[in-house]
Amino acid sequence: MLPISLAPYGAYSLISWVISGLGAISLALVFALLCAKFPETGGPHVYVKHAFGPAAAFFVGWTYWVSSWVSSTAVTVASIGYLAPLFHNDIQSTHLLLEITLILAIMLINLRGVTTAGRVELLLTIVKIIALLAIPVAGLFFFDRNNFIVSEEISTLTMSQVLARSTLLTLWCFIGLESATAPAGSVNNPAKTIPRAIVLGTVCVAVIYFINSLSIMGLINGNDLANSKAPYVDAVKIMLPGNWHFIISILAFIVSVSNLNAWFLADGQVTLGLAKDKLMPQFFTKRNKYDAPFCGIILSTLGVFSFTYSNIKQKILLSK
């Protein structure tokens, strides 16, 4: 959905991608160095523990864990929302059931352990990267630089103000790069493997997102893009006749499920790391036969359930 938010900034958004990309790579290098020095399960709280002590580490780990429930809920809602065209946009009656089914499926995958969750994530990521490269590369053949339009509101701002706003939007896309450090204790040779994954992954994301933004904004007129509800679907409608946009809905669903699986994987490892450092109750250190920290995963699932139910309830109240 980011092309919609960046549409009013026109070509300035491309500069923002470069700025935020360099910033994200710098952050990735920081986490890579920290993980190489402290290859322990849990992620960010581990480094805070060594620098500032257990109290600050607990605060970081706890808030990171609980805030991920909100992120997982948002991704769950978006995932099911992308399937709406397949149901002729009539899935309101089964929305909650589909969301619960998806959450349970991701929970069961992660209860099979880091190896299974990692293999599923690899498969989903391959599909995601193919989709995020195929569509924009095809869109470059329809590229029209006249589609880059700066809105009247943005044109009244100074260069620094424009870049400050647009860079804030593009930097948001790199949120989560630190989560790769969470399963360090379950990865072979984490001092080398995870730093490489963080840095190379962030570089790849920066390149892919830049190409996507360039292509979509060059394919769809800026004014139309700003009012779009599904920019990738609209892009495919321009490039290809027929019902190819249904495939995009499925691909968008896969992309969202990939993100959801990654959050669940990180959640289990974060609680496990906190418990190992005696910052959480020790029952969080218990693992099932697949070596998965089932207490943390199940509690995270219940947290996501509660937010998902609250979201549906709020929609019902607003519709009355």
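Predicted, not measured: the structure shown is a model, and the values here were computed from it. (Residues numbered from 1 in each chain as written. Predicted model: local features only at pLDDT ≥ 70, side-chain atom pairs only at ≥ 80, totals over all residues. Heavy atoms only, no water.)

Further remarks concern the environment of N288. As for its placement among the helices and strands, N288 is situated in the loop between α12 (245-276) and α13 (294-319). Given a relative accessible area of 24%, N288 falls into the partly exposed group. In sequence terms N288 and V114 are 174 residues apart; their C-alpha atoms lie 12 Å from each other. Leave out the neighbours within four places in its chain, and N288 touches L111 and F294. A distance of 2.9 Å separates the side chain of N288 from the backbone nitrogen of A292, its partner in a polar contact. (Helix = DSSP H or I, 4+ residues; strand = E, 2+ residues; numbered from the N terminus. Buried < 20%, exposed > 50% of the residue type's maximum accessible area, 1.4 Å probe, protein only. Contact = heavy atoms within 4.5 Å. Polar contact = N/O pair within 3.5 Å; in protein donor to acceptor, adjacent residues only side chain to side chain.)

All right, on to the packing of aromatic side chains then. Scanning the model with the defined rule gives 11 aromatic pairs in all. Measuring from centroid to centroid gives 5.7 Å for W17 and Y209, while their planes differ by 50 degrees, and the two rings are tilted. Taken as a pair, W17 in helix α2 (residues 12-37) and Y209 in helix α9 (residues 190-219) lie far apart in primary sequence, 192 residues in all. Under the relative-accessibility criterion, Y209 is labelled partly exposed at 26%. (Phe/Tyr/Trp six-rings, centres within 6.5 Å; stacked < 30°, edge-to-face > 60°.)

Considering all chains together, one arrives at one cavity of 30 Å³ or more under this definition. Here the largest cavity is characterised by a volume of approximately 40 Å³. As for the largest cavity, its lining consists of N110, G113, V114, L265, G268, Q269, P293 and I297. In terms of residue count, α12 provides more of the lining of the largest cavity than any other element does, three residues in total. When grouped by side-chain class, the residues that make up the lining of the largest cavity number four nonpolar, four polar and no charged. (1 Å grid on protein atoms, 1.4 Å probe; cavity = no way out; pocket = protein on both sides within 12 Å on 5 of 7 lines; lining within 4 Å. Points joined across faces, edges and corners; volume = space filled by probe spheres on them. Nonpolar A, V, L, I, M, F, W, Y, C, P; charged D, E, K, R; others polar.)

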